[in-house]
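# Coordinates in review
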Amino acid sequence: VPVSRIRNFSIIAHIDHGKSTLADRLLQQTGTVEQREMKEQFLDNMDLERERGITIKLQAARMQYVAKDGEVYCLNLIDTPGHVDFSYEVSRSLAACEGALLVVDASQGVEAQTLANVYLALENNLEIIPVLNKIDLPGADPDRVREEIEEMIGLDCREAILCSAKEGIGVDEILEAVVKKVPAPPETVDEPLRALIFDSYYDSYRGVIVYFRIIDGDVRKGDKILFMASGKEYVIDELGVLSPSQIPVDRLRAGEVGYIAASIRSVADARVGDTITHAGRKAAKMLPGYEEATPMVFCGLFPIDADQFPELREALEKLQLNDAALKFEPETSSAMGFGFRCGFLGLLHMEIVQERLEREYNLNLITTAPSVVYRVHTTSGDVIEVDNPAALPDAGKRQFIEEPYVRLEVITPKDYIGTLMELAQNRRGDFKELKYITTSRASIVYEVPLGEVVSDFFDQMKSRSKGYASMEYSMVGYRKNDLVKLDISINGDSVDPLATIVHRDKAYNVGRALTQKLKELIPRQMFKIPIQACIGTKVIASESISAMRKDVLAKCYGGDITRKKKLLKKQAEGKKRMKSVGRVDVPQDAFMAVLKLE
Ligand code: GDP
Ligand code: MG
C-alpha cells in the first residue's frame, strides 16, 4: 500500500463511552479479527484492565479496508489508555496519529475526560471526527450532545456520525470518514530514520517489544538502531506489524506502524516518547515531546512478614522492567521495619502496582497513605524534595514549604454544582471558573493542592453527585502554603507511616478526626492504648482504646455455629493485614485512615 493510502488514527473517549466496543467493531468489520477469535474487547488485553474496565497499556492494530472508492487502505488504529495517570502515554500515541475519532456517549454527553483527551488531540494537530455512540439507547439525545460538543470544543458537528458500537450501526460510515478525513502521513521515506515509540512492554523471551510509528525514513530487520533519549544501541532481531497479533516483516517505512524486538533488557532503554534512529545514519534531532517520567504520588510498601523483604525487592525489580514510571528505594521505619518507598504517576498507577505485587507475586503488604512531593526551603537556603512526611525536616530547619497544585475540571449536572463547589472549597481549592455547557450541565474549574486530590476526592465527588460528575486534572506548578507535620503516636510510640502533612488551619480538625478514626479501626487489646496527634511536641488531639474485656465470641450467645464461624473467619482475614507496631496490632485500614476522614 502506498503512503497515500495509510491512515493512522486513535479513538478518544471518556471512560465507558464505548471506545473498546467500537475498536472491536472496527476489527470485525474489516475482517482483521475473525468473529470466532474475537474475545470481548480485544484491545484491552491485561486481566486487570478488563476487570477495571479501563485501558492501561496501549496496543495497536493494522486493518485492511476496501473503501467505497474501490481502493485498499491500510488503517492503523492506535489505542490510548483511558486514565489521567497515563496522559503522557496518551499524548505520545496521539502524536503517532494524523486523526482521532472522538467518541461521546449520546445518552451522557461531554465529560471531563472527553475534554482532556480533545485538548491532547488538538495539541497534536489531529483531525478530529466526532462520533455519537449508543444511539440505540432510549435515553440517547444526539442533538443535545452535538450542541455540547460544539459549545465546549468548538468542533463542527454537522457531520458527526451517529453510531451504536453495540449494534454495529454507523461503523461503515466511520471507516469511510477515517479514509476521507484523516490525512495520509507525509512522504519522508528518504530522510534519516525517526520512529516514535508509543508503547513498550517486557517479554521474557525476546526482551522488550517496542511499538512505534515511523515518522521519517525506513527500517529493516538486522539494522543497528539507536534510541536517542536513552543513548542505547541495539540490533533489530525481529520487525513486524500488529494485526493485532504480531506478524514479522522485512521492512517498514515512513507512515507505518509496527514493532521491534532487539533483545532489549529493560523498558527504561526504550521508553515511550523516545525516538529510534539508525546508529549509522543518525537523525539530526529527536522527535519533540519526550519527557522523563515524574512520579507524583509516593507511598511506603512494607511486607507484613519481614522475611518477604527480598521477595518484594525482586518483584519490584521485575515490575520495573516493564514499567519505566515505577520508582522505588529502600525505606526503614522504626514502626514498620524494612520496606520500600515507591513513586507512581498517580493513584491508579499505585493501585495497579500494589495489586500486581499481591496477585502475581503473592506478597502480603501494608501500604501507607499516599503522599505528594513537597518542596522544602530550608534555613540554610537549600530546596529539598520530600515525598515522605516522616522525612520532613524539623520546623526549626524550615523556612517554608511548597506543594504541587493541579487545575481540576469537574463536569456535573447542575443540581450538584453547590455540593461539588463546597467539596473543592473544603479541599483548599481556588475557584477559577463556572461555565454552563447546556442549561442542565456545567463545568467547574478549581486550582487545588494535588495532596487534597489524591486523597479521596474522586470518591467524594462521585458520592456527592450520585455518580454523575466526572473530573480530570493536570499539574500547574508549586505554591507556598502554611503546612505542618502531624505526627501520630500509638501507645507512646510515634508511628512514622501515619505522619501526614496538612495545612495549619486544618491541623486540629484532621488530628481530631484521625485519632477518632484510628480508635475505631485498631482492635482492642488486653491493655489500654492511648492515641495522640501532635504538631512538634504539642499534643493537639488524643483518644484511647479501652482494654478488651470479653471474648469476642461471647457476643454470639452460644448457639449459632455458622455465625461463630463467620466471625472467626472475619477475624482471620483481618489478621492477615495486621502489622505489629510496638505491642499493638495495627490493621491495613488504619494506615489509610487519613484518606477517610469525611
Ligand atoms: P470504554 O471504557 O470507552 O472502552 O467503553 P466500553 O467499550 O468498555 O463500553 C462501556 C459499556 O458501554 C459496555 O458495557 C458496553 O457494552 C456499552 N456500550 C458500548 N457501546 C454501546 C452502544 O453503542 N450501545 C449500548 N447500548 N451500549 C454500548
Ligand atoms: Mg475500554
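Calculation criteria
Residues numbered from 1 in each chain as written. Chains lettered and ligands numbered in written order. Predicted model: local features only at pLDDT ≥ 70, side-chain atom pairs only at ≥ 80, totals over all residues. Heavy atoms only, no water. UniProt positions renumbered as here; feature names shortened; annotations may be inferred. Patch = residues over 30% accessible without salt bridge, like charges linked within 9 Å, V, L, I, M, F, W, Y side chains within 5 Å. Areas by Shrake-Rupley, 256 points an atom, 1.4 Å probe, with all protein chains shown as cover. Salt bridge = Lys/Arg side-chain N within 4 Å of Asp/Glu carboxyl O. Helix = DSSP H or I, 4+ residues; strand = E, 2+ residues; numbered from the N terminus. Buried < 20%, exposed > 50% of the residue type's maximum accessible area, 1.4 Å probe, protein only. Contact = heavy atoms within 4.5 Å. Near = heavy atom within 4 Å. Polar contact = N/O pair within 3.5 Å; in protein donor to acceptor, adjacent residues only side chain to side chain. Nonpolar A, V, L, I, M, F, W, Y, C, P; charged D, E, K, R; others polar. Core = buried A, V, L, I, M, F, W, Y, C linked by side-chain atoms within 4.5 Å. Pairing = 2+ DSSP bridges. Axes fitted to C-alpha atoms, helices over the stretch in contact; angles between N-to-C directions. Parallel < 35°, antiparallel > 145°, perpendicular 65-115°, else oblique. Left-handed = near helix turned anticlockwise from the far one by under 90°. Phe/Tyr/Trp six-rings, centres within 6.5 Å; stacked < 30°, edge-to-face > 60°. Expected span 1.5 Å × (residues − 1). Arc of directions from axis to C-beta. Disulfide = S-S within 2.5 Å.

As annotated in an unreviewed UniProt entry, the protein chain carries the name Multifunctional fusion protein and comes from Chara braunii. Per UniProt, the protein chain has the following entry under Subcellular location (unreviewed entry): "Plastid, Chloroplast".

The next subject is a nonpolar patch on the surface. Together, Val1, Val66 and Val72 line one region of the surface with nonpolar side chains, adding up to about 230 Å² of accessible area. Considering the arrangement of structural elements, one finds valine 66 in strand S2 (residues 60-66). A relative accessible area of 54% places valine 66 in the exposed class.

Where helix H1 (residues 19-29) is concerned, the buried positions are Lys19, Ser20, Leu22, Ala23, Asp24, Leu26 and Leu27. The secondary structure elements touched by the buried residues of H1 are strand S1 (6-13), S2, strand S3 (72-78), strand S4 (99-105) and helix H6 (171-181). Looking one or two residues past H1, glycine 31 carries a phi angle of roughly 70°, positive in sign.

So, about the site of ligand 1. By nearness alone, 16 residues border ligand 1, and Asp16, Lys19, Ser20, Thr21 and Asp136 come closest of all. Between ligand 1 and lysine 19 there is a distance of 2.8 Å, counted from an oxygen atom to a backbone nitrogen or oxygen. Contact with the protein chains covers 79% of the free accessible surface of ligand 1, which is 580 Å². The biggest single contributor to the shell around ligand 1 is H1, with 3 residues. By residue class, the composition of the shell around ligand 1 is 3 nonpolar, 8 polar and 5 charged.

Turning next to the nonpolar core. Leu312, Leu316, Leu357, Leu420, Met461, Met471 and Tyr473 are the most contacted members of the largest nonpolar core, which has 47 residues in total. Residue contributions to this core peak at 5 residues, all from helix H7 (residues 309-321). Leucine 316 has contacts with Leu326, Phe328, Phe340, Cys342 and Leu357, leaving out every residue within four places of it along the chain. Counting residues in hydrophobic clusters, the runner-up holds 39 residues, among them Leu115, Phe198, Tyr259 and Ile437.

Our next topic: the sheet that holds S2. To summarise the sheet geometry, strands pair through backbone hydrogen bonds and adopt either a parallel or an antiparallel arrangement. Strand order in the open sheet formed by 6 strands is S2-S3-S1-S4-S5-S6, and the pairing between neighbours is mixed. Both edges of this open sheet fall to S2 and strand S6 (161-162), since each of them pairs with a single strand only. Two strands pair when backbone bridges link them, and S1 and S3 are joined in this way by 5 bridges, in the parallel orientation. Considered in S3, the bridge of isoleucine 6 is made with cysteine 74. Where H1 meets the sheet, it contacts S1, S2, S3 and S4, and its direction lies at approximately 150° from that of S1. With respect to the sheet, helix H5 (residues 142-153) is in contact with S4, strand S5 (127-133) and S6, its orientation differing from that of S4 by roughly 130°.

Here helix H9 (residues 417-426) crosses helix H11 (residues 457-464) at 160°, and the two axes come no closer than 10 Å. If you check the angle between H9 and H11, you find them roughly antiparallel. Helix-helix and strand crossings are classified by hand; for H9 and H11 the assignment is right-handed. Taking contact as the criterion, the partners of Thr419, Leu420, Glu422, Leu423, Ala424 and Asn426 in H9 are, on H11, Phe457, Gln460, Met461 and Arg464. Grouping the amino acids of the contact of H9 with H11 by side-chain chemistry returns 5 nonpolar, 3 polar and 2 charged.

Per the counting criterion, the structure on display carries 7 aromatic pairs. Between phenylalanine 227 and tyrosine 234, the ring centres sit 6.1 Å apart and the planes meet at 75°, which makes this aromatic pair edge-to-face. Aromatic pair phenylalanine 328 and phenylalanine 340: ring centres 5.7 Å apart, planes at 90°, arrangement edge-to-face. Highlighted residues: phenylalanine 328 in strand S18 (residues 327-333) and phenylalanine 340 in strand S19 (residues 337-344), separated in sequence by 12 residues. Owing to a relative accessible area of 0%, phenylalanine 340 belongs among the buried residues under this scheme.

Attention shifts here to the pairing of strand S27 (residues 483-490). For S27, the buried fraction is high: 8 of the 8 residues fall into the buried class. Burial along S27 is two-sided: Leu483, Lys485, Asp487 and Ser489 facing one way and Val484, Leu486, Ile488 and Ile490 facing the other are all buried. Bridging between S27 and strand S29 (residues 500-503) involves 4 bridges; their strand directions are antiparallel. By the bridge assignment, valine 484 is partnered in S29 with valine 502. Inspection of the sheet shows S27 paired to strand S30 (residues 529-535) by 4 bridges, in the antiparallel sense. Across the sheet, residue isoleucine 488 finds its bridge partner in S30, namely alanine 533.

Looking now at the side chain of aspartate 85. Tracing the backbone through its elements, the reader meets aspartate 85 in the loop between S3 and helix H3 (87-95). Residue classification places aspartate 85 among the buried residues on the basis of a relative accessible area of 8%. In terms of polar contacts, aspartate 85 uses its side chain to reach the backbone amide nitrogen of leucine 348, at 2.9 Å. A polar side-chain atom of aspartate 85 sits 2.9 Å from the main-chain amide nitrogen of histidine 349. In this structure aspartate 85 touches Leu345, Gly346, Leu347, Leu348, His349 and Tyr473, once residues within four positions along its chain are discounted.

Our next topic: H5. Across its 12 residues, H5 extends 16 Å between first and last C-alpha, which sits within 8% of the 16 Å expected from 1.5 Å per residue. Among all positions of H5, only Val145, Glu148, Ile149, Met152 and Ile153 are buried. The buried residues of H5 occupy one face: seen down the axis, they fall within an arc of 100°. More than 90 degrees from the buried face of H5, the exposed residues found are Glu147 and Glu151. Where H5 is buried, its residues meet S4, helix H4 (112-123), S5, strand S23 (398-413) and strand S25 (441-449). Positive phi appears at glycine 154, one or two residues downstream of H5, with a value of about 75°.

On to the state of the cysteines, then. The final tally for this structure, using the stated rule, is 0 disulfides. Among the cysteines around cysteine 163, which has no disulfide bond, cysteine 157 carries the closest sulfur, lying 14 Å off. Residue classification places cysteine 163 among the buried residues on the basis of a relative accessible area of 0%. Its sulfur unpaired, cysteine 342 is 5.9 Å from the next cysteine sulfur, which belongs to cysteine 299. The buried category is assigned to cysteine 342, whose relative accessible area is 0%.

Taken in spatial order, the 8 strands make up an open sheet running S11-S10-S16-S7-S8-S15-S12-S13, and their pairing is antiparallel. On the outer flanks of this sheet lie strand S11 (233-235) and strand S13 (246-248), each paired with one strand and no other. On average, each strand axis in the sheet is tilted by 40° relative to the strand beside it, whichever way the strands run. As judged from the 3 bridges shared by strand S10 (residues 224-227) and S11, these two strands associate in the antiparallel manner. Residue isoleucine 225 lies in a different strand from S11, and its bridge partner there is tyrosine 234.

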